[in-house]
Amino acid sequence: MSIRDVLPIAGGSALGSVLSRRPSGSVGPFHVPRSIYLLDWVNTMALVLGTRYLIRMGREGLGRKKRATDRRVLIVGRGRPGR
């Protein structure tokens, strides 16, 4: 996850919040306050971005550990010679 991922997620979350609003602004006999849509957007952003962050943190933190016998190499060549 990077900063470039935040804007599409924010846009999608905002679109979902806008589309979930009924044209009349009410659900049956009850009126839904406008602040609910802002809270929905904030909660969705927190859950989606938080989940993505935790997955990335787990992959980087629990990923392959470097061993003392590992060596860094530079592969020169392209195609068959580089393999």
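Now for a look at the structure at hand. The model shown is predicted, which means the values in this text are computed figures rather than measured ones.

### What about the overall build of the protein?
Next, step 1: The helix and strand inventory of the protein stands at 2 helices and 2 strands.
Next, step 2: When the elements of the protein are put in sequence order from the N terminus, they spell out α-β-β-α.
Next, step 3: With 83 residues in all, the protein has 12% of them scored as buried.
Next, step 4: Sequence-distant contacts in the protein: of pairs separated by 6 or more residues, those separated by 24 or more amount to 63%.
Next, step 5: Per element, the accessible surface of the protein, about 7700 Å² overall, is 63% carbon and sulfur.

### A look at the pattern of salt bridges
Next, step 1: One pass over the structure, following the stated rule, counts 1 salt bridge.
Next, step 2: Measuring nitrogen to oxygen at the nearest pair gives 3.4 Å for the salt bridge that ties Arg 52 to Asp 5. With Arg 52 in helix α2 (residues 35-61) and Asp 5 in helix α1 (residues 3-19), this pair connects stretches of sequence that are 47 residues apart.
Next, step 3: A relative accessible area of 25% places Asp 5 in the partly exposed class.

About the thresholds
Residues numbered from 1 in each chain as written. Predicted model: local features only at pLDDT ≥ 70, side-chain atom pairs only at ≥ 80, totals over all residues. Heavy atoms only, no water. Helix = DSSP H or I, 4+ residues; strand = E, 2+ residues; numbered from the N terminus. Buried < 20%, exposed > 50% of the residue type's maximum accessible area, 1.4 Å probe, protein only. Contact = heavy atoms within 4.5 Å. Areas by Shrake-Rupley, 256 points an atom, 1.4 Å probe, with all protein chains shown as cover. Salt bridge = Lys/Arg side-chain N within 4 Å of Asp/Glu carboxyl O.

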